[in-house]
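Working through the structure, step by step
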Amino acid sequence: MNNIKDKDKQFIADTYARFDVLIKSGKGSLCYDENGKEYIDLTTGIGVNAFGFCDDVWKTAVTEQLDKLQHISNLYYTEPCVALAEKLIGKTEHLKKVFFSNSGLEANECAIKAARKYAADKKGADCYKIITLKDSFHGRSITTLAATGQDSFHKDFLPLTDGFIYVNADDIDGLKKAVSENKIAAVMFETVQGEGGVHTLSSAFVDEIQKLQQQDIVLIADEVQTGNGRTGKYFAYMHFGIKPDIVTTAKGLGGGLPIGATLFSDKTKDVLTKGTHGSTFGANPVACAGALSVVERIDNSLMSKVNEKSNFIKDSLCNVSGVKSISGMGLMLGVETEKNADEIVKQCMEQGVLIIKAKAKLRLLPALNIPFEQLEKAIAVVKKAIES
Ligand SMILES: *Cc1c(COP(=O)(O)O)cnc(C)c1O
């Protein structure tokens, strides 16, 4: 460990505040450090390992594809991306086409480009502004940073891409004002803000966003974290009964391999045309084959178990002394505590449970298929750490 830590310091750019632990392997919702200590994982690599570590179904899909074709340019047709796109579209009622990339920020970058082009084509090149929300998180490229409504991420990197306007989450008057004073191409939002503190938007605010479709303003739902069953429905927008014009997703989709997807409705599906967008690695056959195995398993029966586990966590923690509030949906939950969250995270780690934070809250993102006994054991540890 010391050797790795020293070399990490020497050779890896110093952008991460790492925990003092080296994880060597994992299976399902359990993982092991270099001393063989076991941890129950409630983080899934920030919502990435949808079915836990080294899941057998996913592993088979990935390794079978590895024996066939690992990559070829998007100049050629391949099977896995088409099968995945069809399956993904089938999980929605109104989305029609997909563009594949490799990460959340790329999925959002594609959505922003498409929204700008849609507005330029329909309303003129001066209609390009995009409303996003304070405390949102949309990625770390210069444009998706601009979309991210948090000043702390912006400083040091100015000037960012022009054309983003920030409105407070749930501030209906602020939204109306921004729309009346500017030429707006799109509104981009997470229905459950992840990095911003696991905040679920109010349904009145989401209704107000939906009304903007009447003015032909493009709605972009960023489902990078909330998508793929995380909140108890395939996409979190489905809890609100809206039909976004563009939906982006990534994290859980690949089951552990990098992939991003931007999904388009009837209205936006033909905006991007030949040569207007692309990605060398996008639609990688191996990533797509793994993702297909993930999407196929996110069905009603899994979702009802996700919701049961969600209720179990909420019921177990809501009356614990030291818990101020619980937010989020499904297996994307935030817990606001009286005690310092870093302390709780540290104590849980000592007791063999991995959790992370979102702002000052604890954030729980267990695998969608975490065995109930493991969840029960882990939540007992979290509870004790909050209380003590
Ligand atoms: C993680 C995240 C992103 C960025 O994804 P990357 O794969 O790190 O680029 C964008 N939007 C939301 C909502 C996220 O949670």
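Read on for a plain summary of the structure.

Thresholds, definitions, all that
- Residues numbered from 1 in each chain as written.
- Predicted model: local features only at pLDDT ≥ 70, side-chain atom pairs only at ≥ 80, totals over all residues.
- Heavy atoms only, no water.
- Phe/Tyr/Trp six-rings, centres within 6.5 Å; stacked < 30°, edge-to-face > 60°.
- Buried < 20%, exposed > 50% of the residue type's maximum accessible area, 1.4 Å probe, protein only.
- Lys NZ or Arg CZ within 6 Å of the ring centre and 35° of its normal.
- Salt bridge = Lys/Arg side-chain N within 4 Å of Asp/Glu carboxyl O.
- Helix = DSSP H or I, 4+ residues; strand = E, 2+ residues; numbered from the N terminus.
- Near = heavy atom within 4 Å.
- Polar contact = N/O pair within 3.5 Å; in protein donor to acceptor, adjacent residues only side chain to side chain.
- Areas by Shrake-Rupley, 256 points an atom, 1.4 Å probe, with all protein chains shown as cover.
- Nonpolar A, V, L, I, M, F, W, Y, C, P; charged D, E, K, R; others polar.
- Axes fitted to C-alpha atoms, helices over the stretch in contact; angles between N-to-C directions.
- Parallel < 35°, antiparallel > 145°, perpendicular 65-115°, else oblique.
- Left-handed = near helix turned anticlockwise from the far one by under 90°.
- Contact = heavy atoms within 4.5 Å.
- 1 Å grid on protein atoms, 1.4 Å probe; cavity = no way out; pocket = protein on both sides within 12 Å on 5 of 7 lines; lining within 4 Å.
- Points joined across faces, edges and corners; volume = space filled by probe spheres on them.
- Pairing = 2+ DSSP bridges.

1. Focus on the packing of aromatic side chains
Using the criterion set out here, one finds four aromatic pairs in the structure. Centre to centre, the rings of Tyr234 and Phe235 are 4.9 Å apart; their planes meet at 80°, and the pair counts as edge-to-face. With a relative accessible area of 6%, Tyr234 lands in the buried category. Residue classification places Phe235 among the buried residues on the basis of a relative accessible area of 0%. In this structure an aromatic cluster arises from ring pairing among Tyr234, Phe235 and Tyr237. For the cation-ring pair, Arg297 lies above Phe51, with the distance from its terminal atom to the ring centre recorded as 3.9 Å.

2. Side note on the pattern of salt bridges
With the rule as written, the count across this model stands at 22 salt bridges. One salt bridge connects Asp126 with Lys183, and the closest N-O pair in it is separated by 2.5 Å. Taken together, the residues span a long stretch of sequence, with Asp126 in the loop between helix H5 (104–123) and strand S5 (129–133) and Lys183 in the loop between helix H8 (172–181) and strand S7 (184–189) at a distance of 57 residues. On the basis of relative accessibility, which here comes to 41%, the residue Asp126 falls in the partly exposed class. Across the pair Lys211 and Glu208 runs a salt bridge, and its minimum N-O distance is 3.3 Å.

3. Topic: the site of the ligand
In the neighbourhood of the ligand, the contacting residues comprise Ser103, Gly104, Leu105, Asn108, Phe137, His138, Gly139, Glu190, Asp222, Val224, Gln225 and Lys251. One nitrogen or oxygen atom from the main chain of Gly104 is found 2.8 Å from an oxygen atom belonging to the ligand. Considered on its own, the ligand offers 380 Å² of accessible surface; in the complex 82% of this is hidden by protein. Per-element accounting of the shell around the ligand gives the leading share, three residues, to H5. By residue class, the composition of the shell around the ligand is three nonpolar, six polar and three charged.

4. Observations regarding the packing of helix H3 (residues 56–66) against helix H10 (residues 285–297)
Relative orientation of the contacting elements H3 and H10 amounts to 150°, with a least axis distance of 8 Å. Between H3 and H10, the angle is such that the two are roughly antiparallel. At the point where H3 passes H10, the crossing takes the right-handed sense. Contact with H3, carried on its side by Val57, Trp58, Ala61, Val62, Gln65 and Leu66, involves Pro285, Val286, Ala289, Gly290, Ser293, Val294 and Arg297 of H10 and no other residues of that element. Residues belonging to the contact of H3 with H10 are distributed by class as follows: nine nonpolar, three polar and one charged.

5. A short note on the layout of surface pockets
Estimated volume of the second largest pocket: approximately 950 Å³. Considering the residues around the second largest pocket, the lining is formed by 29 residues, among which Asn74, Val98, Phe99, Phe100 and His277 are closest to the centre. For the lining of the second largest pocket, the secondary structure elements donating two or more residues are helix H4 (79–90) and strand S4 (95–101). No other element matches the five residues that S4 contributes to the lining of the second largest pocket. A class-by-class count of the residues in the lining of the second largest pocket yields 12 nonpolar, 12 polar and five charged.

6. What to know about the pairing of S5
The side chains of a regular strand alternate, residue by residue, between the two faces of the sheet. Within S5, four of the five residues are buried, which leaves the element mostly enclosed by the surrounding structure. In the sheet, S5 pairs with S7 via three bridges, with the strands oriented parallel. For Lys129, the partnering residue across the bridge sits in S7 and is Ile184. Where S5 lies against strand S6 (residues 164–167), four bridges are found, and the strand directions are parallel. The partner of Ile131 across the bridge, within S6, is Ile165.

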